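Structure at a glance
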Amino acid sequence: MGLKRKKISVIGSGFTGATTALMVAQKELGDVVLVDIPDMEDPTKGKALDMAEAAPVQGFDAKITGTSNYADTEGSDLVIITAGIARKPGMSRDDLVNTNANIMKSVTKEVVQYSPNTTIVVLTNPVDAMTYTVFKESGLPKERVIGQSGILDTARFRTFVAEELNLSVKDVTGFVLGGHGDDMVPLIRYSYAGGIPLEKLISKDRLDAIVQRTRTGGGEIVNLLGNGSAYYAPAASLTVMAEAILKDQRRVLPTIAYLEGEYGYQDIYLGVPTIIGGEGIEEVIELDLTKEEKAQLDKSADSVKNVLNVLQ
Ligand SMILES: NC(=O)C1=CN([C@@H]2O[C@H](COP(=O)(O)OP(=O)(O)OC[C@H]3O[C@@H](n4cnc5c(N)ncnc54)[C@H](O)[C@@H]3O)[C@@H](O)[C@H]2O)C=CC1
Ligand SMILES: O=C([O-])CC(=O)C(=O)O
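Labelled according to an unreviewed UniProt entry, the protein appears under the name Malate dehydrogenase, originating from Oceanobacillus kimchii. According to UniProt, the comment filed for the protein under the heading Catalytic activity (unreviewed entry) is "(S)-malate + NAD(+) = oxaloacetate + NADH + H(+)". Quoted verbatim from the Function (unreviewed entry) field of the UniProt record, the comment on the protein reads "Catalyzes the reversible oxidation of malate to oxaloacetate."

1. Some words on unusual backbone geometry
At the junction of N125 and P126, the peptide bond is cis and its omega measures out at -10 degrees in the coordinates. Of note in the backbone geometry, N166 takes a positive phi value of approximately 55 degrees without being a glycine. Take N166: it is sitting in the loop between α5 (150-165) and β7 (172-173). On the accessibility criterion, N166 (71% relative accessible area) is exposed. One non-glycine residue with positive phi stands out, namely D248, at about 50 degrees. Looking at where D248 falls in the secondary structure, it is placed in the loop between α8 (232-246) and β12 (251-260). The class for D248 is partly exposed, based on a relative accessible area of 47%.

2. Describing the packing of aromatic side chains
Aromatic ring pairs: the centre-centre distance and the angle between the two ring planes describe each pair. Summed over the entire model, instances satisfying the criterion amount to six aromatic pairs. For the pair Y231 and Y232, a centre-to-centre distance of 4.6 Å together with 40 degrees between the ring planes defines the contact as tilted. Here the aromatic rings of Y258 and Y269 are separated by 5.4 Å at their centres, their planes lie at 50 degrees, and the arrangement is tilted. You can see Y258 sitting in strand β12 and its partner Y269 sitting in strand β13 (residues 266-277), a full eleven residues away along the chain. For Y258, a relative accessible area of 10% translates into the label buried.

3. Here's the deal with the nonpolar core
Here is a general trend for soluble globular proteins: nonpolar side chains tend to be buried in one another's company. Judged by nonpolar contacts, the single largest core of 74 residues is most densely connected at I8, I11, L78, I81, I120, L259 and Y265. Among residues more than four places away in sequence, those in contact with I120 are V79, I81, V111, V134, L140, R144, V145 and I146. The next biggest cluster of nonpolar side chains, apart from the first, holds twelve residues, and it includes F160, I188, A193 and I210.

4. Regarding the site of ligand 2
The environment of ligand 2 is formed by R87, R93, N125, L152, R156, H180, G218, V222, S229 and A230. In this structure, R87 approaches ligand 2 through a side-chain N or O atom, which is 2.5 Å from an oxygen atom. A distance of 2.9 Å is found between an oxygen atom of ligand 2 and a side-chain nitrogen or oxygen belonging to R93. When the free accessible area of ligand 2 is taken as 260 Å², the share hidden by the protein chains comes to 95%. Of all elements in the fold, only α5 and α7 (217-225) reach the threshold of two or more residues within the shell around ligand 2.

The rules behind these values
- Residues numbered from 1 in each chain as written.
- Chains lettered and ligands numbered in written order.
- Predicted model: local features only at pLDDT ≥ 70, side-chain atom pairs only at ≥ 80, totals over all residues.
- Heavy atoms only, no water.
- UniProt positions renumbered as here; feature names shortened; annotations may be inferred.
- Helix = DSSP H or I, 4+ residues; strand = E, 2+ residues; numbered from the N terminus.
- Buried < 20%, exposed > 50% of the residue type's maximum accessible area, 1.4 Å probe, protein only.
- Phe/Tyr/Trp six-rings, centres within 6.5 Å; stacked < 30°, edge-to-face > 60°.
- Core = buried A, V, L, I, M, F, W, Y, C linked by side-chain atoms within 4.5 Å.
- Contact = heavy atoms within 4.5 Å.
- Near = heavy atom within 4 Å.
- Polar contact = N/O pair within 3.5 Å; in protein donor to acceptor, adjacent residues only side chain to side chain.
- Areas by Shrake-Rupley, 256 points an atom, 1.4 Å probe, with all protein chains shown as cover.

Written out as structure tokens, the structure is:
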């Protein structure tokens, strides 16, 4: 008997969903089912077929299916939710909350009906609140519902630092905590270039500017694109999470986790450092924070709570 391939369902076949489907297939993480609403079924099938036809060129084996029928997602090992509306220039992520919360509820019902033991990774914005909504609707254990923000926010920080120092991005590490909004908390104290603390390499003024650019990094791209938001780096971030879960890697990555007392917060999903592996979020890592860092994290958590209050 051969090894059974994993099954990954990606809900939403728009910019982020389609790009993620291609990236996870290229990495041969499993077979991919790309799902959208019935009105989008043909374009979804078209994207899936186009990706399948890239497979012989690039030499990857993955079955890729486009559908609007959730029965095709049955028995998924991993479900990635990207369905919903994206912001346009002038909007905040929080402006998407009501529309996307309704989409999260209907999508989650369908997902768990066919994959009652799956792990779900949520991308849809405002992502901290949408992850909470999916968690409540799904009935899954907290460790199996995870949101994506920190890998992307950290990637932006790393990009700007590498550019500033003219160094390889590979040698730059960073750490962004908190909600996926403009008050996220990039933790300079825990950020390095080749093991050297960034504070030793970059002036305070320049670091402050990089932190600010990181905080508004999503908006920078929204303004440049004009009619949607980022998708290459978000899809790459989802792919790292998918790999960590499906290959049980136990990676240390910032993800959006359900907190029950960690960092002093209760009943909230928020970006924190985690160990992520086959069981989903296997651990939330609690770091010592300075008074100032904790105050910044409190502010970010309050923003997430305010969005959650709109929903309750
Ligand atoms: N957490 C993060 O770091 C990031 C979050 N996002 C968010 O991800 C979401 C998707 O962004 P894009 O892919 O760029 O948008 P998009 O508009 O290109 O694609 C969204 C897709 O969702 C589909 N959809 C809508 N309702 C659906 C339903 N009930 N069932 C299945 N599919 C449904 C649409 O038909 C569309 O194809 C947005 O909310 C965006 O803000 C985007 C980038 C990063
Ligand atoms: O900015 C947006 O609306 C999309 C997103 O979350 C990001 O790119 O960080």
